[in-house]
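Spelled out, the chains give:
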Amino acid sequence: MYRTSTIFLVFVTFFAFTRQFEVGTLYIYDYETSVLLNEPQAVPVSSAKDVGFRIEMKAEITPVWQHPSNNHEQILQLTVASPKLSVKSRQGPTPEGFVQKQSKLDGYKLHPLYLHWNDGQIGKVYHIDGEELSVLNVMKGISSLFQHQVKNAKQTELDASGKCEVTYKLIDSTRVTKIKKNCKTVVPVVYFNHTSKVLGAQVDSQATTTYILNPDDKILQKATAIETHFLRSELRRKSGAEVLSNQVLSLKSRDKVSTPRYTGKNEADAIASISRNLKKSLVTGQLATKPDAKECIACKALKDLVHNFRSTLAPKNLGTQGSAIAFLRLLKKVRESDLDTLKAVLKDKKNAKILPQLLDIVAAAQTLPAHKAAMSLVKFNGPIDNAERYLLAVSLATHPPEFIIKDILSLAKKGHNNDKLYETMVLTLSSLSHTFCKIGTNCKKPIMSEVRKFIVDSLDACTTESCKLIFIRGLKNLRMANTVDVLLDHASGKEHKPAVYAMRALQTMPESFITEKILKKLERVFLQLDRQYDSSVRIMAVDILLQHHPSDELLEDILSSMSFQDTKELNTVLLGRIRDLANSNPHIEQLLKKTLKISEFNNYHILAQGGLSSAFSRSLAESENVNSSFSNILEISGGLLKRSTVDVFVDGQDSRMRLLSIGIFAGGLSMFGGDEAVDDGEEANAGIELALLDTQLRPFIFFTGQGELMGHVWSGTGSERTTALQGSFLLQDHSQILPLQNGMNAELLLNGAISYDFSGQVQISLWNRNARSLVEVGASMVMQGVARVDNSFVQSLIEFNTGGQAQLNFITDLDFYDEIMMCLKMVQPDMNIVTSVRKLERLPGTNYVLRKYKRKSSPVPGKTYVMNKKNTELCTKMFKK
């Protein structure tokens, strides 16, 4: 046994160290590489549906220097000849479908590339100054195939794919496989992805190379490489793109040649000798490639694009699919534009009516020129509309740079005499900081401490309730763990509105922020052990407690509190929420079953609450990888609406995001109630709160005071449909340059936009003693993904799109003629989901273009959502009447 092991060790040692290229020999290889773009396929093979190209050429390699004392350290000269480009064509022969075409590649000068090769590892590479980048990248792709080991190994390597984790597996004495994964670019390129996983892009990559070696001297006989990259959206994985790349390098002959042998004691001396002989300077580089400059496909100037989309961007078209498409098309161009170009477009009088929509796009660009252009236009000391629109749009930034946060912080520190604009400023600052913190190590940067200190200190300095609300809502957007105690102090405080908003902020905090200490305090708030609390505060406190693994004792305490019938509306909400969570949370389900076995809790007084309030969740849409749902908590007081909150969630496999929150609140309206109406001590008021992507916006107040309310009633100002908020924002944002192992670079993009229009209408008849309110949430979403591989002589692209235009209507009918009756409806009208795929092949400098396109429309029927049994009974009673 010992002898056998020794023989194997000697064999492996010989195998690993008896390979080098023979000086004076020219090794001639046939080389072929192809790139294909298509929709994701079960098996990565060429098909009639894809687009792409193939390059064929001769690759010749010979050592021109060898280390005096180490035969395994050489400088190899790589030259290529007779390059031919073929592209996919409908007229191409089966099965590949490639047809040879003339291109710029035919006219490029081809210079040698020098590789420092040391026992299968390639260090530096040297090329002639001024070499065409596209050709240089192709040659680096060939060179990378000569970097391989002939033993079982795991190591990190740098090649045309970047820095990768590489595994070598020895199959037998002449065959080795190389698997690369987790490749990282080493050349600085733009990269960003959405900070919320459920809205991000999923990129899956695989790269394998199989080597066949000569049995005598272990020189590379044949290398076959295949790699696949899949771009998918986490929201809709069935939509995506595939990049398939192949390489084949085959040794055809070995010829004895009189190639010059350069002298030198080491690599540096040898390169200097080569440079002198060529009478040309050599540029030192590495195997990693640089992306080619992109040539615009069917490009127009920003000014012309804006002109084309001017009518589509009109306010009346917001919330439509056309508006969302225009947003994405213009966003790409804005990100490429300089400061002067952007200023000219924003200040063009022809664009005055669509300026707010242009500010949405400029904010989404998140580039320095775009931000400077916007800040030069909006005036913070005049009318607030454009300034607030830009701040609102930039608050939804997907990867905000620090310079924007610094600008907004500087503005906020100066203060503002317009409370609405100032609150939007604070909310924008906190939202930007939260998103910024989620990227890399940004949380540790000083700017984060500055923002936190500013908001907390400003809150401490407030002397009025309205001031406190601004900064409490700011802390809600900031969502930092070290501000939770501040929110808890206000949530358990004596002031009514600060307590409500602080508790709502705690309700939206990440689960990890809610410690045992906080849960104990929330339990005291709900049980009112220190003093009485507003019912809304108690409801939200219970909601947090129930979602943090409640104990048997806590559930029993909650159910016990519901035996008091003087709080039947509160009890109805609590019972509804417990049952709702039991449907989705196995722990609460088991806890509830166990508790209801006790007769003290399983009785009519607790389980037969007769309030009009409700708490429930419903599914909006389901797919293979994500589900969307909404959760509604409706609190009624004295037969009238007190507070209603609808949260729309998007759930991935291991992540959840609050896409939209709509909160309607009212108070001081007891004069409209019946005998059960209670004077809550508030001035008559009503309004709506919106949060987009967990970013709180300032509240929109319908009226404050009885005089303003009656003015609306008599004048009928709310009887016409009125837009409360409209605009567009970036939902998905992914950009990545992916180096391929053949030297090309793939660009992967995924963008999604939502164009929205939130409107409302209120009709009140004092004569008929009834009222109807309508809140319309109209939104159109478009998702666009792009994979493109191009260089100076060929361009290939696949683009996939998914879009739909949806609406959600909240209708409230109130009858206070004889008795108070209220009917709530939530209706989703019919909609269509449209998907399309566009493929393009183009040869720059020629007229050749290949286009492929397909489109599909899928109808989604509308629905009316069931609220609760009591609401159904009241609706039936009202409309029968």
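Cut-offs used in this document
Residues numbered from 1 in each chain as written. Predicted model: local features only at pLDDT ≥ 70, side-chain atom pairs only at ≥ 80, totals over all residues. Heavy atoms only, no water. Helix = DSSP H or I, 4+ residues; strand = E, 2+ residues; numbered from the N terminus. Buried < 20%, exposed > 50% of the residue type's maximum accessible area, 1.4 Å probe, protein only. Contact = heavy atoms within 4.5 Å. Pairing = 2+ DSSP bridges. Patch = residues over 30% accessible without salt bridge, like charges linked within 9 Å, V, L, I, M, F, W, Y side chains within 5 Å. Areas by Shrake-Rupley, 256 points an atom, 1.4 Å probe, with all protein chains shown as cover. Salt bridge = Lys/Arg side-chain N within 4 Å of Asp/Glu carboxyl O. Arc of directions from axis to C-beta. Core = buried A, V, L, I, M, F, W, Y, C linked by side-chain atoms within 4.5 Å. pLDDT = per-residue confidence, 0-100. Disulfide = S-S within 2.5 Å. Axes fitted to C-alpha atoms, helices over the stretch in contact; angles between N-to-C directions. Parallel < 35°, antiparallel > 145°, perpendicular 65-115°, else oblique. Left-handed = near helix turned anticlockwise from the far one by under 90°. Phe/Tyr/Trp six-rings, centres within 6.5 Å; stacked < 30°, edge-to-face > 60°. Polar contact = N/O pair within 3.5 Å; in protein donor to acceptor, adjacent residues only side chain to side chain.

Enquirer: Even after reading the chapter, I still don't get the overall build of the protein chain, so can you show me in this structure?
Expert: On a plain count of helices and strands, the protein chain comes out with 23 helices and 28 strands. Considering only C-alpha atoms, the protein chain reaches an extent of 110 × 75 × 55 Å along its principal axes. Within the span of the protein chain, comprising 881 residues, buried residues form 55% of the whole. Residue pairs at least 24 apart in sequence account for 68% of intrachain contacts in the protein chain once pairs closer than 6 positions are excluded.

Enquirer: Help me out: how do you make sense of the environment of Ala364 in this one?
Expert: With respect to the helices, strands and loops of the structure, Ala364 is situated in helix α7 (residues 355-365). Ignoring any residue separated from it by four or fewer positions in sequence, one finds Ala364 in contact with Phe327, Leu331, Arg335 and Leu730.

Enquirer: When you look at the pairing of strand β24 (residues 795-815) in this model, what are you seeing that I'm missing?
Expert: Every other side chain in a regular strand lies on the same face of the sheet, so the side chains alternate between the two faces. Within β24, 17 of the 21 residues are buried, which leaves the element mostly enclosed by the surrounding structure. Where strand β23 (residues 770-790) meets β24, 21 bridges bridge the pair, whose relative direction is antiparallel. Looking at β24, one finds that Leu774 is bridged to Ile811. From the end of β23 to the start of β24, which pair antiparallel, there are four residues. Relative to strand β26 (residues 831-842), β24 runs antiparallel, the two being bridged by ten bridges. Bridge pairing links Thr802 to Thr835 in β26. Linking two consecutive strands that pair antiparallel, namely β24 and strand β25 (residues 821-828), is a turn of five residues.

Enquirer: How should the pairing of strand β27 (residues 849-860) be read in this particular structure?
Expert: Examined bridge by bridge, β26 and β27 share twelve bridges and lie antiparallel to one another. Residue pairing for β27: Leu840 is matched across the bridge by Arg851.

Enquirer: Can you help me understand the environment of Leu519 in this one?
Expert: Note on placement: Leu519 falls in helix α16 (residues 516-527). Under the relative-accessibility criterion, Leu519 is labelled buried at 10%. As a C-alpha pair, Leu519 and Pro550 span 31 residues in sequence and 9.6 Å in three-dimensional space. Excluding residues within four positions of it along the chain, Leu519 makes contact with Ile514, Ile544, Leu545 and His548.

Enquirer: What should I look at first to understand a nonpolar patch on the surface in this one?
Expert: Together, Val762, Ile764 and Leu766 line one region of the surface with nonpolar side chains, adding up to about 190 Å² of accessible area. Note that Val762 resides in strand β22 (residues 745-765). On the basis of relative accessible area, Val762 is assigned to the partly exposed category, the value being 37%.

Enquirer: Just checking my understanding: could you explain helix α6 (residues 339-347) for this structure?
Expert: Helical geometry: 3.6 residues make up each α-helical turn, so side chains three or four residues apart lie on a common side. Among the residues making up α6, those that are buried are Leu342, Val345 and Leu346. What you see down the axis of α6 is that its buried residues fit within an arc of 95°, all on one side. Buried residues along α6 sit against α4 (302-309), α5 (321-336), α7 and α8 (368-377).

Enquirer: Looking at this model, I keep getting lost on the nonpolar core. Mind explaining?
Expert: One recurring pattern in soluble globular proteins is that nonpolar side chains are buried together. Counting 118 residues, the largest nonpolar core has Met425, Phe471, Met503, Leu506, Leu522 and Ile558 as the members making the most contacts within it. In this structure, Phe21, Met57, Ala59 and Ile798 belong to the second largest nonpolar core, which totals 67 residues.

Enquirer: Quick question: what am I supposed to make of the confidence of the model for the protein chain here?
Expert: Any residue range with low pLDDT should be treated as having predicted coordinates unsuitable for detailed reading. Of the residues in the protein chain, 94% reach a pLDDT of 70 or more, and the chain-wide mean stands at 89. Low pLDDT (under 50) marks residues 1-18, which in the prediction has 14 contacts with non-local residues, meaning those over four places away or in another chain.

Enquirer: Just to check I follow, could you spell out the state of the cysteines for this structure?
Expert: The term disulfide refers to a covalent linkage connecting the sulfur atoms of a pair of cysteines. By the definition in use, this model includes four disulfides. The side chain of Cys164 participates in a disulfide bridge whose partner is Cys183; the two sulfur atoms lie 2.1 Å from each other. In this structure the cystine formed by Cys164 and Cys183 twists about its S-S bond by roughly 115°; its chirality is therefore right-handed. Of this pair, Cys164 sits in strand β8 (residues 162-172) while Cys183 sits in strand β9 (residues 175-184); the two residues are 19 residues apart in sequence, bridging distant segments of the chain. Across a sulfur-sulfur distance of 1.5 Å, Cys437 and Cys443 are joined as a disulfide pair. Here the S-S torsion is close to 90°, and the disulfide linking Cys437 with Cys443 is therefore right-handed.

Enquirer: Where do I start with the environment of Val849 in this structure?
Expert: Structurally, Val849 can be placed in strand β27. Relative accessible area serves as the criterion here: at 33%, Val849 is assigned to the partly exposed category. Taking C-alpha positions, Val849 is 9.9 Å from Ser796, a pair spaced 53 residues apart along the chain. The contact partners of Val849, leaving out residues within four places of it in the chain, are Leu840, Glu841 and Arg842.

Enquirer: When you look at the packing of α16 against helix α18 (residues 552-561) in this model, what are you seeing that I'm missing?
Expert: Between two packed helices, what matters for the description is the angle formed by their axes and the separation of those axes. Two elements in contact, α16 and α18, have axes separated by 11 Å at closest approach and are oriented at 15°. Looking at the two axes, α16 sits roughly parallel to α18. In terms of crossing hand, the pair formed by α16 and α18 is left-handed. Contacts between α16 and α18 involve Glu523, Phe526 and Leu527 from the first element and Leu554, Asp557, Ile558 and Ser561 from the second.

Enquirer: In this structure, what is going on with the packing of aromatic side chains? I would like to understand it.
Expert: The geometry of an aromatic ring pair comes down to the distance between the two centres and the angle between the two planes. Applying the stated criterion across every chain yields a total of eleven aromatic pairs. Where Tyr756 meets Phe758, the ring centres are 5.1 Å apart and the plane angle is 35°; that geometry is what we call tilted. Phe758 sits in the buried class, given a relative accessible area of 8%. The structure contains a cluster of three or more aromatic residues connected by ring pairs, namely Phe21, Tyr27, Tyr29, Trp117 and Phe146.

Enquirer: Which parts of the structure should I look at to understand unusual backbone geometry?
Expert: One can expect most non-glycine residues to show negative phi and most peptide bonds to be in trans. Phi is positive for Asn182, which is not a glycine, with a value near 50°. Residue position: Asn182 is located in strand β9. One non-glycine residue, Arg479, adopts positive backbone phi at about 50°. For Arg479, the location among the structural elements is in the loop between α13 (465-478) and α14 (484-491).

Enquirer: Teacher, can you tell me more about the side chain of Ser661 here?
Expert: Topologically, Ser661 is positioned in strand β17 (residues 656-667). Here Asp647 takes part through its side chain, which lies 2.6 Å from a polar atom of the side chain of Ser661.

Enquirer: Help me out: how do you make sense of the pattern of salt bridges in this one?
Expert: In the structure shown here, the tally under the stated rule is 36 salt bridges. Lys180 is the partner of Asp159 in a salt bridge, and the nearest nitrogen-oxygen pair spans 2.8 Å. A residue pair is termed long-range when its members are at least 10 positions apart, and Asp159 in strand β7 (residues 153-159) and Lys180 in strand β9 qualify at 21 residues. Judged by relative accessible area, Lys180 falls into the buried class, the value being 6%. Here Arg643 and Glu689 are joined by a salt bridge, their closest N and O atoms 3.7 Å apart. Within this pair, whereas Arg643 is found in strand β16 (residues 640-651), its partner Glu689 is found in strand β18 (residues 685-692), the two being separated by 46 residues in sequence. Neither residue differs from the other here; Arg643 and Glu689 are each classed as buried.

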